[in-house]
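# Secondary and tertiary structure notes
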Amino acid sequence: MPISTELILARHGEADCNVAGLVGGKHTCTGLTDRGHDQVTRLAERLRTEAPVHALYTSPRRRTQQTAAALGKALGLRPHIDHQLRGLEHGNADGSDWATIKTHFGGRPQWRPHVPIAAGAESWNAYLARTRAALEHILTHHEGRRILVAAHGETIETSFVLFHDLPLSETERPGVVTGHASLTRWQRHLNRFGHAVWMLISHNDTQHLTAATNPAA
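Residues numbered from 1 in each chain as written. Predicted model: local features only at pLDDT ≥ 70, side-chain atom pairs only at ≥ 80, totals over all residues. Heavy atoms only, no water.

- You'll find the protein entered in an unreviewed UniProt entry as Phosphoglycerate mutase, with Haloactinomyces albus given as the organism.

Here you go:
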């Protein structure tokens, strides 16, 4: 089936806040670890060998911007910072220990999707609505193109809500595992009846990292 549009979501590499177990909001994120930089370098090299990407977007958080910088250098693209793709607004939880926040909340933010995890934070449902609208806007603006987004794992989760057309929920849904510097690909196919269908091609693809750590693979 002919492909009309492709959305590639690349999760950022390992970040300092990930290793420290901290809520990495706009005030806490200090960027990628050395390992994270290596991960996104290998990711960029993989994407460089594929078909051309026409547009590159990133969240404003430092870890995603550093990821996008490596991707843009390899692909000859200037990253566009989209503030609507920013990570979950954590409010007073920014910089706190994730284990403590989750214990106090009773689970991860998705546990009670309509309730913010802390004062000044946005709820999981608010995050989904914001990032879904951002992805829809990007896809409309670049119809028929290959688009790459340096994303948070949560935004990749949003893509499943978008393409499966899921309503916002009052209870926790099954989640998806998304590794650092992994790829998730969605393609809009046109079948012989003229029907446009979004299809998941791959998720949590880290072949480029596996090959790096195991040359014999």
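From this point, the discussion proceeds with the structure in view.
### Some remarks on the UniProt feature "binding site: substrate" (unreviewed entry) in the protein
- According to UniProt, the "binding site: substrate" (unreviewed entry) feature falls on Arg-11, His-12, Gly-13, Glu-14, Ala-15, Asp-16, Cys-17, Asn-18 and Arg-63. Here the residues from the annotation list that line the largest pocket are Arg-11, His-12, Cys-17, Asn-18 and Arg-63.
- Relative to the assigned elements, Ala-15 resides in the loop between strand 1 (3–11) and helix 1 (16–20).
- Taking the relative accessible area as the measure of exposure, Ala-15 reaches 0% and is therefore buried.
- Look past the residues within four positions of Ala-15 in its chain and what remains in contact with it is Gly-31, Leu-32, Thr-33 and Arg-63. (UniProt positions renumbered as here; feature names shortened; annotations may be inferred. 1 Å grid on protein atoms, 1.4 Å probe; cavity = no way out; pocket = protein on both sides within 12 Å on 5 of 7 lines; lining within 4 Å. Helix = DSSP H or I, 4+ residues; strand = E, 2+ residues; numbered from the N terminus. Buried < 20%, exposed > 50% of the residue type's maximum accessible area, 1.4 Å probe, protein only. Contact = heavy atoms within 4.5 Å.)

### Topic: the layout of surface pockets
- Looking at the largest pocket, its volume works out to about 570 Å³.
- Taken together, 24 residues make up the lining of the largest pocket; nearest its centre are Arg-11, Trp-98, Lys-102, Gly-153 and Glu-154.
- Elements with a minimum of two residues in the lining of the largest pocket: helix 1, helix 4 (98–105) and helix 6 (153–163).
- The dominant element in the lining of the largest pocket, judged by the number of residues it contributes, is helix 6, at three residues.
- Split by residue class, the lining of the largest pocket holds eight nonpolar, nine polar and seven charged.
- In this structure, the second largest pocket occupies an estimated 190 Å³ of space.
- For the second largest pocket, the lining is made up of 17 residues, of which Trp-124, Glu-157, Val-161, Arg-173 and Pro-174 are closest to its centre.
- Breaking the lining of the second largest pocket down by element, the ones donating at least two residues are helix 5 (124–141) and helix 6.
- In terms of residue class, the lining of the second largest pocket is built from eight nonpolar, five polar and four charged. (Points joined across faces, edges and corners; volume = space filled by probe spheres on them. Nonpolar A, V, L, I, M, F, W, Y, C, P; charged D, E, K, R; others polar.)

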